[in-house]
There are 2 protein chains.
Amino acid sequence: MLKKRITLKDIARETGVHVSTVSRALDPVERKNITEEVANRIQAAANTLGYRPNRIAAGLRTNRTMTVGVMIPDITNVIFPPILRGIECVLEPFGYASIIVNTDSDAEREERLIDVLRDRGVDGIIHAAVLRSDPAIAKAAQDGLPVVTLNRKVDGSPIPSVVNDEDSGICQMLRHLRSLGHTRIAHIAGPQDLSTGQLRLTAFRRAAEDMNINVADDLIAVAARFDEAEGARCLATLLTTGRPFTAVLCANDRLALGAIEAMRERNIACPEQISVTGFNDMPFLNLIQPKLTTIRIQQFGAGKAAANILLRLLNSDDKAMIPVATVLPVELIVRDSTARTANGA
Amino acid sequence: MLKKRITLKDIARETGVHVSTVSRALDPVERKNITEEVANRIQAAANTLGYRPNRIAAGLRTNRTMTVGVMIPDITNVIFPPILRGIECVLEPFGYASIIVNTDSDAEREERLIDVLRDRGVDGIIHAAVLRSDPAIAKAAQDGLPVVTLNRKVDGSPIPSVVNDEDSGICQMLRHLRSLGHTRIAHIAGPQDLSTGQLRLTAFRRAAEDMNINVADDLIAVAARFDEAEGARCLATLLTTGRPFTAVLCANDRLALGAIEAMRERNIACPEQISVTGFNDMPFLNLIQPKLTTIRIQQFGAGKAAANILLRLLNSDDKAMIPVATVLPVELIVRDSTARTANGA
DNA sequence: TTGAAAGCGCTAACAT
DNA sequence: ATGTTAGCGCTTTCAA
């Protein structure tokens, strides 16, 4: 049987004061309104009895659970653990714990999980699995629940977001490829229902135009998911259309990994025949051959940034001053999957 | 401002019955004691009003939060995400959510986090970061809090554990090395304050003896942590002692990866000059060169198993019938980091 | 400065 | 079958 917990009432009985006095003595803010000596006596009793505040009870009363929900697509995707550590790193010192849930990129499941989190009375949600059109989280935010989206954003929504500079990333990458002599460049785009997929594709088109690189429609393949299988499928599609290319810029690392795998199966050498690039710089990438040229996004940093925004939302420090969008800088990481074109082909 | 939530009281007012009747009608178990028609009316009202149960309030009353704590060393260690999915996979269908915390292998932090979890009224804890001697969690278990340890166990403790068959794993690996002609085999052992480190070292010594392999003390290096840096350090130590070896069996994959890296720096080829083996078969291992020969443990499966034990603990189904130790089978995975010895050296 | 009392939303024992 | 009542442990207004 679970040993009975020490409550304020126990301390009150022990010290001969009223439970509300105990509550005050143990509250760092209220403590100043209590006689020094009494407060000390209460504190001492609390310590010896091994008192631990019951946050459930406090939460019921104050309507704050000091718990936040964190939604991600899938924790086994290595990009997310560092993000979670970033979140924890800022939230924990303030006494917050987080409940992490995996949506598996399933909108129905996501909606259910939002309810799960709300039922548990989370004070706010950090959402790293949001869709461009996401009525479920929009409704939650509408109801007044503090929400921050991470890595992704909801189209035309007032929900604050922390994202990476997709535009600059794609632009830097395209410039890098062109500097190696590539002019026939394909793009494996991400899912278009995600802001990342859509923004990177748009950025690709715009940057290509700026650089006078002609991008035929059949040099663009759109992945249904950000995974290796889709990367492989898209590369196959690009090859079968027949239009030649010497480089393929992928919307993220996993697509790139899948593309390279598909090339390997067809005895197409990377980077000798086709250069391939990624996006994210996920952990372990530098250990996998060929080492992928990619855009490094801030993982830990993005988690911290989102948590900081949420913190401000929670303490509603003049809402109007909270940025609705925070864009984090990215960095080009050149490795071995990109090379100079043999000829101008 | 947070929109006011619909409560039982609201539904009671709406339907003209007492709040306790509403509570019963909405409880799948109690519902049968309510007139069909009334129950339906209540259910309908709950739906239209968008009622969501307040688990905080229920938890305060029932002393069950339907929340469990999960303690791991560090979520960025790729071995843990699959374990977490395994846990989620069995707990979620029963309505449990989990709060995941990272101990960073710091005993003090671990103790604090146990308090954090208890303050939040978790119904139980799955502990994958436990030390062989771990007074903090022992005390929690003593107090009646359901606890299961995962991957690791506490020495001589009644706390149920789910672990891998370390003994068989080490034995299979040693047999594999010997079958390749290796007789001078070193061991990079894990931290001895962890059951995994200790059991694997013990297993190594015993298995070597059984196979008449002589293991001098200076062929054993003990790592302070299960990480790459320690693997590298230990390999350097082994090399400097001067006693020759043709293979090194490492207590886990990260130590092995570190050892291989240290060899690379010294231009020692793996597996041509020295074979190296790991343990765990962590994700991505098959993408890293040289592909590591290792022992595959069940990651997802271990999470599921631990969650199942916890579930039984929570429902105290004849405690005496709950296994105090569950040992999961392991599997030898032969890849490219082990090779036949050139001569009998 | 301290005590009394109410109540957060829910469940459950008891009464009808 | 339903209503009444009490109370989980805490915070917070109001009174003294």
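Check the entry above for the structure.
Residues numbered from 1 in each chain as written. Chains lettered and ligands numbered in written order. Predicted model: local features only at pLDDT ≥ 70, side-chain atom pairs only at ≥ 80, totals over all residues. Heavy atoms only, no water.

A.B. asks: Can you walk me through the packing of helix H10 (residues 228-241) of chain B against helix H11 (residues 253-265) of chain B in this structure?
C.D. replies: How two helices pack is summed up by the angle between their axes together with the distance between the axes. Residues and elements named next belong to chain B. The N-to-C vectors of H10 and H11 enclose an angle of 55°; their axes lie 6 Å apart at closest approach. Between H10 and H11, the angle falls in the class oblique. Handedness of the H10/H11 crossing: right-handed. Residues Glu-228, Glu-230, Gly-231, Ala-232 and Leu-235 of H10 touch H11, and the partners they reach there are Arg-254, Leu-255, Leu-257, Gly-258, Ala-259, Ala-262 and Met-263. Considered class by class, the residues forming the contact of H10 with H11 number seven nonpolar, two polar and three charged. (Axes fitted to C-alpha atoms, helices over the stretch in contact; angles between N-to-C directions. Helix = DSSP H or I, 4+ residues; strand = E, 2+ residues; numbered from the N terminus. Parallel < 35°, antiparallel > 145°, perpendicular 65-115°, else oblique. Left-handed = near helix turned anticlockwise from the far one by under 90°. Contact = heavy atoms within 4.5 Å. Nonpolar A, V, L, I, M, F, W, Y, C, P; charged D, E, K, R; others polar.)

A.B. asks: Looking at this structure, I do not really get the packing of aromatic side chains. What am I missing?
C.D. replies: For any two aromatic rings, the description comes down to two numbers: the centre-to-centre distance and the angle of the planes. With the rule as written, the count across this model stands at one aromatic pair over all chains. Considering the side-chain rings of Phe-284 of chain A and Phe-284 of chain B, the 5.5 Å spacing of their centres and the 0° angle between planes classify their relative orientation as stacked. Separated into two different chains, Phe-284 of chain A in the loop between strand S9 (275-277) and strand S10 (294-296) and Phe-284 of chain B in the loop between strand S9 (275-277) and strand S10 (294-296) make up a pair that spans both. In this structure, Phe-284 of chain A and Phe-284 of chain B share a single accessibility class: buried. Cation over ring: Arg-200 of chain B sits above Phe-279 of chain B, and NZ or CZ is 3.8 Å from the ring centre. (Phe/Tyr/Trp six-rings, centres within 6.5 Å; stacked < 30°, edge-to-face > 60°. Buried < 20%, exposed > 50% of the residue type's maximum accessible area, 1.4 Å probe, protein only. Lys NZ or Arg CZ within 6 Å of the ring centre and 35° of its normal.)

A.B. asks: What is the right way to read the interface of chain A and chain B from this model?
C.D. replies: Accessible area lost upon the coming together of the parts is a frequently used measure of interface size. Counting residues at the interface gives 49 residues for chain A, matched by 49 residues for chain B. Summed over both sides, the interface between chain A and chain B buries roughly 4100 Å², with carbon and sulfur atoms accounting for 56% of that surface. Here Arg-85 of chain A makes a salt bridge to Asp-104 of chain B, at a shortest N to O gap of 2.8 Å. Here chain A and chain B share 26 residue pairs in polar contact (both at pLDDT 80 or more) between them. Breaking the side of chain A that touches chain B down by element, the ones donating at least two residues are helix H4 (55-62), helix H5 (80-91), strand S2 (97-102) and helix H6 (107-119) of chain A. Top contributing element to the side of chain A that touches chain B by residue count: H6 of chain A, with six residues. (Buried area = accessible area lost by both parts, 1.4 Å probe. Salt bridge = Lys/Arg side-chain N within 4 Å of Asp/Glu carboxyl O. Polar contact = N/O pair within 3.5 Å; in protein donor to acceptor, adjacent residues only side chain to side chain.)

A.B. asks: What is the right way to look at the layout of surface pockets in this model?
C.D. replies: Empty space among the atoms can be located by rolling a probe the size of a water molecule over them. Residue and element names in this part refer to chain A. Of the voids in this model, the second largest pocket is the one considered here, and its volume is about 1400 Å³. Of all the secondary-structure elements, those providing two or more residues to the lining of the second largest pocket are H4, H6, helix H7 (135-142) and helix H12 (299-314). Of all the elements, H6 adds the most residues to the lining of the second largest pocket, at five residues. A breakdown of the residues in the lining of the second largest pocket according to their chemical character gives 23 nonpolar, eight polar and 13 charged. (1 Å grid on protein atoms, 1.4 Å probe; cavity = no way out; pocket = protein on both sides within 12 Å on 5 of 7 lines; lining within 4 Å. Points joined across faces, edges and corners; volume = space filled by probe spheres on them.)

A.B. asks: I'm lost on the pattern of salt bridges in this one. Help?
C.D. replies: Pairs can form between side chains of opposite charge whenever their charged atoms are close. Across all of its chains, the model carries 57 salt bridges over all chains by this definition. Measuring nitrogen to oxygen at the nearest pair gives 2.9 Å for the salt bridge that ties Arg-254 of chain B to Glu-228 of chain B. Residue Arg-254 of chain B is located in helix H11, and its partner Glu-228 of chain B is located in helix H10; the two are separated by 26 residues in the primary sequence. Among the residues examined, Arg-254 of chain B registers a relative accessible area of 23% and is labelled partly exposed. With relative accessibility at 29%, the residue Glu-228 of chain B sits in the partly exposed group. The network of salt bridges with shared partners includes Asp-74, Asp-104, Arg-109 and Arg-112 of chain A together with Arg-85, Glu-88 and Glu-92 of chain B.

A.B. asks: Could you clarify how one ought to interpret the sheet that holds strand S6 (residues 185-189) of chain A in this entry?
C.D. replies: What links the strands of a sheet is backbone hydrogen bonding, and the strands pair in either a parallel or an antiparallel sense. Residue and element names in this part refer to chain A. Spatially, four strands are ordered S7-S6-S8-S9 in an open sheet, and the strand pairing comes out parallel. The open sheet has two edge strands, strand S7 (220-222) and S9, and neither has a second partner. Strand-to-strand, the axes of this sheet are offset by a mean angle of 15°, without reference to chain direction. As paired strands, S6 and S7 are joined by three bridges and run parallel to one another. Its bridge partner lying in S7, His-187 is registered against Ile-220. (Pairing = 2+ DSSP bridges.)

A.B. asks: Could you clarify how one ought to interpret the relation of the copies chain A and chain B in this entry?
C.D. replies: In summary, the two copies of the chain are related to each other by a rotation about an axis coupled with a shift along it. Here chain A sits on chain B after a turn of 180° about the axis and a move of 0.0 Å along it, with an RMSD of 0.1 Å. Accordingly, the operation relating the two chain copies is best matched by a two-fold axis. Looking at chain A, 100% of its interface residues are interface residues in chain B too, so the copies touch through the same face. (Least-squares fit on C-alpha atoms with pLDDT ≥ 70 in both.)

A.B. asks: For this particular structure, what's the right way to read the state of the cysteines?
C.D. replies: A disulfide bridge is the covalent bond that connects two cysteines by way of their sulfur atoms. Residues and elements named next belong to chain A. In total, this model carries zero disulfides over all chains according to the counting rule given. Not part of a disulfide, Cys-250 finds its nearest cysteine sulfur in Cys-234, a span of 8.6 Å. With a relative accessible area of 0%, Cys-250 lands in the buried category. (Disulfide = S-S within 2.5 Å.)

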